[in-house]
Amino acid sequence: MAPVQRAVPARSRVAARFETVLERGDAVAGTPETVRKFIAHEVEATGVNYYVCDFAFGTISHEDALRSTELFANEVMPAFVDA
């Protein structure tokens, strides 16, 4: 996955389908391992030192957003404590 390396106004990047955002490499969804690998690649490729996450969007239920947040906090974030 190549990191996005261009400055584009956020509104012009909004896609009608989430799959399009995934295909662009502008987002990630999947298992904690998939998300860890994606973020690790982005950190290595860009040197980014913070991440902004959106767990509640579209038609995602409140319960699913909470579950994703818990998985991220417990299984993804610890991998980047020293990053």
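Residues numbered from 1 in each chain as written. Predicted model: local features only at pLDDT ≥ 70, side-chain atom pairs only at ≥ 80, totals over all residues. Heavy atoms only, no water.

J.: How would you sum up helix 4 (residues 62-76)? Please name residues and give values.
T.: For an α-helix, the turn length of 3.6 residues means that residues three or four places apart are oriented alike. Compared with an ideal rise of 1.5 Å per residue, which puts 15 residues at 21 Å, helix 4 spans 20 Å between its outermost C-alpha atoms and is within 8% of the ideal. Along helix 4, the positions that sit buried rather than exposed are Ala65, Phe72 and Val76. Looking straight down helix 4, one finds that the buried residues subtend no more than 55° of arc, so they occupy a single side. Exposed residues lying more than 90 degrees from the buried face of helix 4 are His62, Glu63 and Asn74. Tucked into the core, helix 4 has its buried residues touching helix 3 (32-46). (Helix = DSSP H or I, 4+ residues; strand = E, 2+ residues; numbered from the N terminus. Expected span 1.5 Å × (residues − 1). Buried < 20%, exposed > 50% of the residue type's maximum accessible area, 1.4 Å probe, protein only. Arc of directions from axis to C-beta. Contact = heavy atoms within 4.5 Å.)

J.: Outline the pattern of salt bridges, listing residues and values.
T.: Inspection of the entire model under this criterion finds 3 salt bridges. Here Arg24 makes a salt bridge to Asp26, at a shortest N to O gap of 3.9 Å. Between Lys37 and Glu33 there is a salt bridge; the shortest N-O distance is 3.1 Å. Of this pair, Lys37 and Glu33 both sit in helix 3, 4 residues apart, roughly one helical turn. What makes Glu33 partly exposed here is its relative accessible area of 43%. (Salt bridge = Lys/Arg side-chain N within 4 Å of Asp/Glu carboxyl O.)

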